Amino acid sequence: MKGDRVEIVVDAGGDGTRTYEVTASRAGRRVEIATRRGVVEVTEVTRTGTPVRTARFMSSRVLALVEHPVSTERGESA
């Protein structure tokens, strides 16, 4: 959903840490996370599953991965 976002905190060696953010920028898009062979992939995908943007990080360097889903209020009756 638009507004979903994921923050990735990465160890940058001598520079300390760096923070990256991947956000679902349009309606109908979502952010997916996958870990494969020592690599963490954070991808913004469309409704049909087509990747729009992908960020890849070495899993040994990732310090934190924080998901911020959009809060949906379901107080309305259908």
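To be clear, the structure that these remarks concern was listed above.
Computed from a predicted model, the values in this text were never measured in an experiment.

Asker: In this structure, what is going on with the sheet that holds strand β1 (residues 5-11)? I would like to understand it.
Answerer: Strand pairing in a sheet relies on backbone hydrogen bonds. The paired strands run either parallel or antiparallel. Taking strand neighbours across the sheet as the criterion, the three strands line up as β2-β1-β6 in an open arrangement whose pairing is antiparallel. Here the strands that pair on one side only, and so sit at the sheet edges, are β2 (17-23) and β6 (62-68). Here the strands of the sheet are splayed against their neighbours by 15° on average, with no regard to which way each runs. The pairing of β1 with β6 spans six bridges and is antiparallel. The residue of β6 that forms the bridge with Ile8 is Leu65.

Asker: When you look at the pattern of salt bridges in this model, what are you seeing that I'm missing?
Answerer: Pairs may arise between side chains of opposite charge once their charged atoms sit close together. All told, the structure shown has eight salt bridges when counted by the stated rule. With its nearest N and O atoms 3.4 Å apart, the salt bridge here joins Asp11 to Arg61. Of this pair, Asp11 sits in strand β1 while Arg61 is found in the loop between β5 (51-58) and β6, placing the two residues 50 residues apart along the sequence. Accessibility expressed as a relative area gives 36% for Arg61, which makes it partly exposed.

Asker: Honestly, the sheet that holds strand β3 (residues 30-36) in this entry has me stumped. Any pointers?
Answerer: Read from one edge of the open sheet, three strands run β3-β4-β5, paired in antiparallel fashion. Taken across any chain shown, the strands that pair with only one partner, and hence form the sheet edges, are β3 and β5. Direction aside, neighbouring strands of the sheet carry axes that sit 20° apart on average.

Asker: Would you explain the packing of aromatic side chains in this entry?
Answerer: To describe a pair of aromatic rings, you give the distance between the ring centres and the angle between the ring planes. For the structure shown, the criterion picks out one aromatic pair. Geometrically, the ring pair formed by Tyr20 and Phe57 is tilted, given 5.3 Å between the ring centres and 45° between the ring planes. Of this pair, Tyr20 sits in strand β2 while Phe57 sits in strand β5, and the two are 37 residues apart along the sequence. Tyr20 sits in the partly exposed class, given a relative accessible area of 36%. Here Phe57 falls in the buried class, since its relative accessible area comes to 11%.

Asker: How should I be thinking about unusual backbone geometry in this particular structure?
Answerer: Note on backbone geometry: most residues besides glycine have negative phi, and most peptide bonds are trans. For Arg37, which is not a glycine, the phi torsion comes out positive at approximately 45°. With respect to the helices and strands, the residue Arg37 is situated in the loop between β3 and β4 (39-45).

Rules used in this analysis
Residues numbered from 1 in each chain as written. Predicted model: local features only at pLDDT ≥ 70, side-chain atom pairs only at ≥ 80, totals over all residues. Heavy atoms only, no water. Pairing = 2+ DSSP bridges. Helix = DSSP H or I, 4+ residues; strand = E, 2+ residues; numbered from the N terminus. Axes fitted to C-alpha atoms, helices over the stretch in contact; angles between N-to-C directions. Salt bridge = Lys/Arg side-chain N within 4 Å of Asp/Glu carboxyl O. Buried < 20%, exposed > 50% of the residue type's maximum accessible area, 1.4 Å probe, protein only. Phe/Tyr/Trp six-rings, centres within 6.5 Å; stacked < 30°, edge-to-face > 60°.

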